[in-house]
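So you can see what is in the structure, the chains are spelled out below.
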4 protein chains.
Amino acid sequence: MKVLIIGDVVGKPGRNILTDYLERKKSEYDLIIVNGENAAAGFGLTEKIAKQFYEIGVDAITSGNHIWDKKEMVEYLKTDHKILRPLNYPKGVSGVGWNIFTTPAGEKVGVVSLQGRIFMPPIDCPFQRITEVLDEIRKQTTNIVVDFHAEATSEKMAMGRFLDGKVSVVLGTHTHIQTSDSRILDGGTGYITDVGMTGSHDGIIGMTVDSVLPRFLTSLPTKFAICNDNVRINGIEVELDQYGKCSDIKRIDLSIEELDFADFL
Amino acid sequence: MKVLIIGDVVGKPGRNILTDYLERKKSEYDLIIVNGENAAAGFGLTEKIAKQFYEIGVDAITSGNHIWDKKEMVEYLKTDHKILRPLNYPKGVSGVGWNIFTTPAGEKVGVVSLQGRIFMPPIDCPFQRITEVLDEIRKQTTNIVVDFHAEATSEKMAMGRFLDGKVSVVLGTHTHIQTSDSRILDGGTGYITDVGMTGSHDGIIGMTVDSVLPRFLTSLPTKFAICNDNVRINGIEVELDQYGKCSDIKRIDLSIEELDFADFL
Amino acid sequence: MKVLIIGDVVGKPGRNILTDYLERKKSEYDLIIVNGENAAAGFGLTEKIAKQFYEIGVDAITSGNHIWDKKEMVEYLKTDHKILRPLNYPKGVSGVGWNIFTTPAGEKVGVVSLQGRIFMPPIDCPFQRITEVLDEIRKQTTNIVVDFHAEATSEKMAMGRFLDGKVSVVLGTHTHIQTSDSRILDGGTGYITDVGMTGSHDGIIGMTVDSVLPRFLTSLPTKFAICNDNVRINGIEVELDQYGKCSDIKRIDLSIEELDFADFL
Amino acid sequence: MKVLIIGDVVGKPGRNILTDYLERKKSEYDLIIVNGENAAAGFGLTEKIAKQFYEIGVDAITSGNHIWDKKEMVEYLKTDHKILRPLNYPKGVSGVGWNIFTTPAGEKVGVVSLQGRIFMPPIDCPFQRITEVLDEIRKQTTNIVVDFHAEATSEKMAMGRFLDGKVSVVLGTHTHIQTSDSRILDGGTGYITDVGMTGSHDGIIGMTVDSVLPRFLTSLPTKFAICNDNVRINGIEVELDQYGKCSDIKRIDLSIEELDFADFL
Ligand SMILES: [Fe+2]
Ligand SMILES: [Fe+2]
Ligand SMILES: [Fe+2]
Ligand SMILES: [Fe+2]
Ligand SMILES: [Fe+2]
Ligand SMILES: [Fe+2]
Ligand SMILES: [Fe+2]
Ligand SMILES: [Fe+2]
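Labelled according to an unreviewed UniProt entry, chain A appears under the name TIGR00282 family metallophosphoesterase, originating from Psychrilyobacter piezotolerans.

Shown next, in the form of structure tokens:
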């Protein structure tokens, strides 16, 4: 089974390249998972954008700390369980943190959204909370994808090691920069510290240099603006075998021009 | 001019692979820069290790927040100016933050060690402090390498953009995971968010899983232990042209076996 | 000379009790200093509110991290130098961090707004920056009041000790809770870790329990609402002698009813 | 019932004044609770010091983040349940977070050690975890004392409000500076944001100025040294009525000289 996992889609440029990419490539994948926490102009997600994602072929939307930015989400998450907010927000918080998705061929995949705590808001322990649900997921399927949305590389690697052999893939999001360490761990779990960001790669984490740099120079609040230059899709393709092990993990970091040129060859 | 820049060398396994690598490849480079903040069992640097680095061919040692871990450094930094502690520690702090190094061919290279502030100790502004010294360095050479030791990807990209066109290379260190975004920016500056870590890649940031994972599970202090498995060298090779522009940037992520096998082919 | 220093005024309830207090007591003070960073509904300050403060007798407005919340301030601070933004924002940032104020009797008082860095945004070193301006202030007067807006008690006590004997008073703000440690240090400097907050004392840092508590329970963003219950004025009264030493420091923590009752006795 | 609660005892000077104080006053109290996280030279607690505390009359020892500083504690906490480590460390961590203590008159008091998360290590939610045990404690007694060891005033006030009417007292520790806001909340719960620190009040949070100030000036690590000047005992005395409500809360902030002088009068 081939699963596509796309890193934080930032604003309209990110949504556009995702649309273009899926138009060309959708049929190659059994399941398509997209991190949508920055889809709405960089800050959060809306019902409208979530539905556009479904239309272009997205099966599951994972997220992170920014999922709460648009107020409507708190209500909307109660009914749309294809969007996953991080599992380890306190019990009682709106929405679900994991769900089972079914491929066209009828195979089941458990997808989990999880969030780190180092340099991030204090929430429940991600290691505890994933442990609590893992048995329940494994009863239904051994194909399990965990999007661990976290800042610190140490916490991300620790999660990779902690879940090695128990899930199919642990992929990091949140830093918006792809790491080069994609690999298959000893227990058969695919791992990468960060899949990167889908949006402009000529700004700063998807926003214009002009809107972000002054914040570092002055420590004053600034209003961030979406950047449109050098838009790239970032993510990974993973191959899962019949036991839910990861047999292949490939990084994706492409502009549409590069994609089309590669296909032309 | 070809410059080798090696990411945080962690403990003995890191020092050993660096020795092995330089034995084979040293002659290919005009200048060799190594981040040494974790060279002494993961925590800091000693005079003895610094001198071993010089013996195997290292020209300059950059560093970061861990450079102060071994007390002797505060004194030693006063006389050994081939070690650079981050420039933006307050004025009056022991040691230097930049220096000019000369290649065998007599070319000059300014090397700067700089540290970020997001999720890190509060020190002087890295943007201000690099600006203050840049003119002085540029009077001597346009070949300038900046090791920006920082946690947040946004701060690192901001520094890359800020220095684009003013220095030859901005490379990140500190996260111990190599990023895949090496490139040459519009102004001719080579850039990568993090060059990664030289040491065990089967632990967690160079330490054993067993010594680090409990800290995430319990929040209790644990004593970290150096990991010896799957030791790899991480860094970049950059080519600088006669104007100090970066004409090529290549990521290095190799075990000695891979290196020898590649050379065998 | 008797100086009144009022802690963070929060929203309309805070402004109202300040008005009531000054109506009754203004004539007793030679200089009136108010921290205004939360005066505009809890977040920042406006030109209109600043001018209301001047009308009721306020001489100087100190501030802190929230001073930038209302965008108009960045422009307004350029011309109104009775408002002090923290001195140790980077050079070039709008506004001034200290100024000399004159009492009705013609005596000069230097007032400084300074901000901590522990658990706060990274800005310039407060110890360095106050040192840079102290000589200049002392040329004009030895009466010097420093509002150190900071979170960590250790940083605040460190500043108190650092400035002991060099300024008349170091008073803390930002935590919104008055500390009981007002005293005169060995060098003659009046000191208190935090003067407290002027506004509702039945909420949480001036906001309603209902609007703040859910944030701790869920880690989701919530919109804070000003609380109107149990409004109290918090601050200190300090007596400065002819050498600029603090000869007396008294904590103020009163409701208007308590004030009127005390005056009635 | 009269309960004495003493804030963070720092090193030998803190232990000595506690001994002196209890020699004189012990008989006035039905229960004596001491925060011991800094008793061992400022960093942690040892079995030996805990036993000294029991000898001088201490009934219960609460703690905080520093309780883990001396390695022996992890083992010792397994058997000595008069020491409470913060309840909201993850389940499975050594030691207990609450216990029932009995007064000489046979009355029961539940004592809880709890820790905040804002600007502190990520642990379980203190609001969740206290809620889980409250029923169990209340089955045994309505006399309940909660030491909430936390940095942020907002989190502390939120806990006070959250537990108002459910416990007898919520007192804060950790900042080492006493606040002036001791009061009885609407539901009958005694509250104070911080009871302060028992040790030298002429240093910085109990340590010498000379050993702490350089850290703020240079951001380099320094070795802290216990300060011996102006040693004071800080804490509160609370009166609990037969329903477990707090009928009186008095702040204590005394040197032995002041205590003896007061007794002399
Ligand atoms: Fe994101
Ligand atoms: Fe995020
Ligand atoms: Fe490092
Ligand atoms: Fe580092
Ligand atoms: Fe404030
Ligand atoms: Fe503030
Ligand atoms: Fe403490
Ligand atoms: Fe503490």
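On we go from here.
A short note on the overall build of chain A
When helices and strands are counted, chain A shows seven helices and 12 strands. On C-alpha atoms alone, chain A measures out to a radius of gyration of 17 Å, which is about the 18 Å that the 2.2 N^0.38 rule sets for 265 residues. A principal-axis box enclosing the C-alpha atoms of chain A has dimensions of 50 × 50 × 35 Å. When burial is assessed residue by residue, chain A has 64% of its 265 residues classed as buried. Total accessible area on chain A stands at roughly 9400 Å², and carbon and sulfur atoms take up 51% of it. Each charge class in chain A can be summarised by its mean position, and for the 29 positive and 37 negative side chains these summaries are 5 Å apart.

Here's the deal with the coordination of the iron ion (ligand 8)
In an ideal octahedron of six donors the angles at the metal are 90 or 180 degrees, and in an ideal tetrahedron of four donors they are 109.5 degrees. All names here are of chain D. Bound to the iron ion (ligand 8) are the protein donor atoms E37 (OE), N65 (OD1), H149 (NE2) and H174 (ND1), situated 2.1 to 2.3 Å from the metal. Around the iron ion (ligand 8), the four donor atoms sit at angles spanning 85 to 146°, and that spread fits a shape best called irregular. Motif for the iron ion (ligand 8), donor spacing along one chain: E-x27-N-x83-H-x24-H. The two metals, the iron ion (ligand 8) and the iron ion (ligand 7), are separated by 3.5 Å and share E37 as a common coordinating residue. Placement of the pair is H149 in strand 6 (residues 144–149) and H174 in the loop between strand 7 (169–173) and strand 8 (183–184), with a sequence separation of 25 residues. A single burial state applies to H149 and to H174, both of which are buried.

Some remarks on the side chain of S180 of chain B
Its place among the elements puts S180 of chain B in the loop between strand 7 (169–173) and strand 8 (183–184). Relative accessible area serves as the criterion here: at 9%, S180 of chain B is assigned to the buried category. In contact with S180 of chain B, other than residues within four places in its own chain, are Q178, T179, S180 and R251 of chain A together with R251 of chain B.

Re the coordination of the iron ion (ligand 4)
Residue and element names in this part refer to chain B. Summarising the metal site, the iron ion (ligand 4) is bound by the protein donors E37 (OE), N65 (OD1), H149 (NE2) and H174 (ND1), whose distances to it range over 2.1 to 2.3 Å. The sequence pattern formed by the donor residues of the iron ion (ligand 4) is E-x27-N-x83-H-x24-H. Here the iron ion (ligand 3) and the iron ion (ligand 4) are spaced 3.5 Å from one another, each receiving a donor from E37. Of this pair, E37 sits in the loop between strand 2 (31–35) and helix 2 (47–55) while H174 sits in the loop between strand 7 and strand 8, and the two are 137 residues apart along the sequence. Comparing E37 with H174 shows no difference in burial state: the two are buried.

Details of the sheet that holds strand 9 (residues 190–192) of chain A
All names here are of chain A. On the basis of which strands lie adjacent, the open sheet formed by six strands has the order 4-5-6-7-9-8 and mixed pairing. Each edge of the sheet is formed by a strand with only one pairing partner; in this case those strands are strand 4 (98–102) and strand 8 (183–184). The strands that helix 4 (residues 126–140) touches are strand 4, strand 5 (108–115) and strand 6 (144–149); relative to strand 5, the one it contacts most, it runs at about 175°. Lying on the sheet, helix 5 (residues 153–163) is in contact with strand 5, strand 6, strand 7 (169–173), strand 8 and strand 9; it crosses strand 7 at an angle near 170°.

Some words on the pattern of salt bridges
Enumeration over the complete set of coordinates arrives at 60 salt bridges over all chains. Linking E132 of chain B and R129 of chain B is a salt bridge whose minimum nitrogen-to-oxygen distance equals 3.9 Å. Remark: R129 of chain B and E132 of chain B occur in helix 4 (residues 126–140); sequence separation between them is three residues, near one turn of the helix. We classify E132 of chain B as partly exposed; its relative accessible area is 43%. A salt bridge links R232 of chain B to E258 of chain B; its shortest N-O distance comes to 2.9 Å. Pair noted here: R232 of chain B is in strand 11 (residues 231–240) and E258 of chain B is in helix 7 (residues 256–264), with a separation of 26 residues, a long-range link. With a relative accessible area of 13%, R232 of chain B lands in the buried category. Each of K2, K25, E28 and E237 of chain A takes part in a single network of salt bridges with overlapping partners.

A closer look at the packing of aromatic side chains
This structure, assessed with the given rule, holds 14 aromatic pairs over all chains. Summarising the aromatic geometry, the rings of W68 of chain A and Y89 of chain A are spaced 5.2 Å apart at their centres and angled 70° between planes, so their arrangement reads as edge-to-face. Here Y89 of chain A lies in the loop between helix 3 (72–76) and strand 4 and W68 of chain A lies in the loop between strand 3 (60–62) and helix 3, a separation of 21 residues in the sequence. Across the pair, exposure class does not vary: W68 of chain A and Y89 of chain A are buried alike. Both rings, one in F127 of chain A and one in F162 of chain A, keep their centres 5.2 Å apart while their planes meet at 85°; by these two values the pair is edge-to-face. With F127 of chain A in helix 4 and F162 of chain A in helix 5, this residue pair connects regions lying 35 residues apart in the sequence. Overall, F162 of chain A belongs to the buried group, its relative accessible area being 15%. One cation-aromatic arrangement involves K166 of chain B over F162 of chain B; the distance from NZ or CZ to the ring centre is 4.5 Å. Directly above the aromatic system of Y54 of chain D lies the positively charged group of K82 of chain D, at a separation of 4.1 Å from the ring centroid.

Points about the confidence of the model for chain A
Reading fine detail from the predicted coordinates is not recommended where pLDDT is low. Mean pLDDT for chain A: 97, with 100% of residues reaching 70 or above. Taken over the whole predicted complex, pTM reads 0.97, whereas the ipTM for its chain interfaces reads 0.97.

Re the relation of the copies chain A and chain B
Superposition record for chain A on chain B: RMSD 0.0 Å, screw rotation 180°, translation along axis 0.0 Å. Those values place the two copies in the arrangement expected of a two-fold rotation axis. Closest approach to the rotation axis within chain A is made by the C-alpha atom of T179 of chain A, at a distance of 1.9 Å. Looking at the interface residues of chain A, 100% of them are also at the interface in chain B, so both copies use one shared face.

Some remarks on the interface of chain C and chain B
At the interface, eight residues of chain C touch eight residues of chain B. When chain C packs against chain B, the two sides together hide about 580 Å² of surface, and 43% of this comes from carbon and sulfur. Three residues, R117, P122 and Q128 of chain C, lead the burial of chain C against chain B; their summed loss comes to 68% of the area buried on that side. Put simply, chain C and chain B have zero salt bridges between them. At the boundary of chain C and chain B, one finds six residue pairs in polar contact (both at pLDDT 80 or more). The class makeup of the residues in the side of chain C that touches chain B is five nonpolar, one polar and two charged.

A word on the pairing of strand 11 (residues 231–240) of chain A
Residues and elements named next belong to chain A. For strand 11, the tally of buried residues reaches nine of 10 residues, placing the bulk of the element in the interior. In the sheet, strand 1 (residues 2–6) pairs with strand 11 via five bridges, with the strands oriented antiparallel. Bridge assignment links L4 to a residue of strand 11, and that residue is E237. Taken together, the two bridges between strand 10 (residues 199–200) and strand 11 define a ladder with antiparallel strand orientation. If you follow G199 over to strand 11, its bridge partner there is R232. Judged from the eight bridges that link them, strand 11 and strand 12 (residues 246–254) form a sheet pairing that is antiparallel. Within strand 12, the position partnered with I236 by the bridge is R251.

Digging into the environment of E55 of chain A
Residues and elements named next belong to chain A. Tracing the sequence through the fold places E55 in helix 2 (residues 47–55). Overall, the relative accessible area of 67% leaves E55 in the exposed class. For the pair E55 and L4, spaced 51 residues apart in sequence, the C-alpha to C-alpha distance is 16 Å.

A closer look at unusual backbone geometry
Excluding glycine, residues mostly carry a negative phi; peptide bonds, for their part, are mostly trans. The phi torsion at H174 of chain B lies on the positive side, around 105°, for a residue other than glycine. With a relative accessible area of 16%, H174 of chain B lands in the buried category.

Focus on a nonpolar patch on the surface
Side chains of F261, F264 and L265 of chain A sit close together on the surface and give an oily, nonpolar patch of about 440 Å² of accessible area. Mapped onto the elements, L265 of chain A comes out in the segment after helix 7 (256–264).

Side note on the interface of chain A and chain B
Listed as interface residues are 32 residues of chain A and, on the opposing side, 32 residues of chain B. It is F119, I177 and F216 of chain A that lose the most area in chain A upon contact with chain B, and together they represent 21% of the buried surface on that side. Summed over the shared surface of chain A and chain B, the number is four salt bridges. Between R183 of chain A and D202 of chain B there is a salt bridge; the shortest N-O distance is 2.6 Å. At the junction of chain A with chain B, the criterion picks out 10 residue pairs in polar contact (both at pLDDT 80 or more). For the side of chain A that touches chain B, the elements supplying multiple residues, two or more each, are helix 5 and helix 6 (209–218) of chain A. Among the elements that take part in the side of chain A that touches chain B, helix 5 of chain A stands out by supplying seven residues, more than any other.

Thresholds applied
Residues numbered from 1 in each chain as written. Chains lettered and ligands numbered in written order. Predicted model: local features only at pLDDT ≥ 70, side-chain atom pairs only at ≥ 80, totals over all residues. Heavy atoms only, no water. Helix = DSSP H or I, 4+ residues; strand = E, 2+ residues; numbered from the N terminus. Rg over C-alpha atoms; globule rule 2.2 N^0.38 Å. Buried < 20%, exposed > 50% of the residue type's maximum accessible area, 1.4 Å probe, protein only. Areas by Shrake-Rupley, 256 points an atom, 1.4 Å probe, with all protein chains shown as cover. Lys, Arg positive; Asp, Glu negative; His and termini not counted. Charge placed at Lys NZ, Arg CZ, Asp CG, Glu CD. Donors = N, O, S within 2.8 Å, 3.2 Å for Na, K, Ca; no water. Tetrahedral: all angles 85-135°; square planar, octahedral: opposite > 155°, others 65-115°. Contact = heavy atoms within 4.5 Å. Pairing = 2+ DSSP bridges. Axes fitted to C-alpha atoms, helices over the stretch in contact; angles between N-to-C directions. Salt bridge = Lys/Arg side-chain N within 4 Å of Asp/Glu carboxyl O. Phe/Tyr/Trp six-rings, centres within 6.5 Å; stacked < 30°, edge-to-face > 60°. Lys NZ or Arg CZ within 6 Å of the ring centre and 35° of its normal. pLDDT = per-residue confidence, 0-100. Least-squares fit on C-alpha atoms with pLDDT ≥ 70 in both. Buried area = accessible area lost by both parts, 1.4 Å probe. Polar contact = N/O pair within 3.5 Å; in protein donor to acceptor, adjacent residues only side chain to side chain. Nonpolar A, V, L, I, M, F, W, Y, C, P; charged D, E, K, R; others polar. Patch = residues over 30% accessible without salt bridge, like charges linked within 9 Å, V, L, I, M, F, W, Y side chains within 5 Å.

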